[in-house]
Amino acid sequence: MEVLAVFDAKDYQDTVDVYEKYSVRGIINRNGKIAMQCSKDGEYKIPGGGLEAGEDFTQALVREILEETGLHVIESKIVELGEIKEVRKDLFNPKKKYICHSMFYYCEVEDKQEALKLTPSEIAKGYELKWVAPQEIYQRNILIEKDPWIIRDTAFVKMLIDKKVLLP
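The backbone phi angle of N31 is positive, close to 55 degrees, even though this residue is not glycine. By the element assignment, N31 lies in the loop between β3 (29-30) and β4 (33-38). With a relative accessible area of 78%, N31 lands in the exposed category. Even without a glycine there, the phi angle at K163 is positive, about 60 degrees. With respect to the element layout, K163 can be found in the segment after α4 (148-161).

Positionally, E55 belongs in the loop between β6 (48-50) and α1 (57-69). Of the residues examined, E55 reaches a relative accessible area of 18% and is grouped as buried. There is a polar contact of 2.6 Å between the side chain of E55 and the side chain of R63. Apart from residues no more than four positions distant in its own chain, E55 is found in contact with G50, A60 and R63.

Our next topic: the nonpolar core. Counting residues in hydrophobic clusters, the biggest one holds 18 residues, and the most contacted among them are I27, I46, L81, I137 and F156. Among the secondary structure elements, those contributing two or more residues to this core are β4, β8 (79-89), β9 (97-106) and α4. Ranked by residue count, the leading element in this core is α4, at four residues. Contact partners of L81, with chain neighbours within four places excluded, come to L4, I27, F104, Y105, Y106, F156, V165, L166, L167 and P168. V24, A35, A60 and L71 belong to the second largest nonpolar core, which has 14 residues in total.

Bridge analysis of strand β1 (residues 3-8) against β8 gives five bridges, and the strand direction is parallel. Looking at β8, one finds that F7 is bridged to E86. Where β8 lies against β9, 10 bridges are found, and the strand directions are antiparallel. In the strand pairing of β9, I84 is matched with S102.

The rules we used
- Residues numbered from 1 in each chain as written.
- Predicted model: local features only at pLDDT ≥ 70, side-chain atom pairs only at ≥ 80, totals over all residues.
- Heavy atoms only, no water.
- Helix = DSSP H or I, 4+ residues; strand = E, 2+ residues; numbered from the N terminus.
- Buried < 20%, exposed > 50% of the residue type's maximum accessible area, 1.4 Å probe, protein only.
- Polar contact = N/O pair within 3.5 Å; in protein donor to acceptor, adjacent residues only side chain to side chain.
- Contact = heavy atoms within 4.5 Å.
- Core = buried A, V, L, I, M, F, W, Y, C linked by side-chain atoms within 4.5 Å.
- Pairing = 2+ DSSP bridges.

Below is the structure:
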């Protein structure tokens, strides 16, 4: 998958102790609006998450989108968009270097929708599904970019706005 951007905080020590994670993010477009998780604070996050044991990227993407949006991805219509790589000091072990590979995919979904199945931390943040225009996502998120995942997702949305990433 093409690397679209690398965010390197350079806040880690040179070490062989590295925690590397792969996650998937789904871009679902409907009438020019994108399916987003919106927190009670108004920040927008692209639905997706990490791979569970034994999952491939497609399986994780289908599961994460269903859990976070209630939408059913049509597997045969998934298209790779690109990767954003983040490198920084691990939040849980400052002696470790954390590398996160976020793989972005365009997804088409079925018409049906189920109830969300959020994690306790997602419930605490008050996440809900909202359909939002890319420009609105960008304008809101740049005001509150505090978490690495919001910075990453805002950068990806800006690539969509600037047509550096094209949806099928």
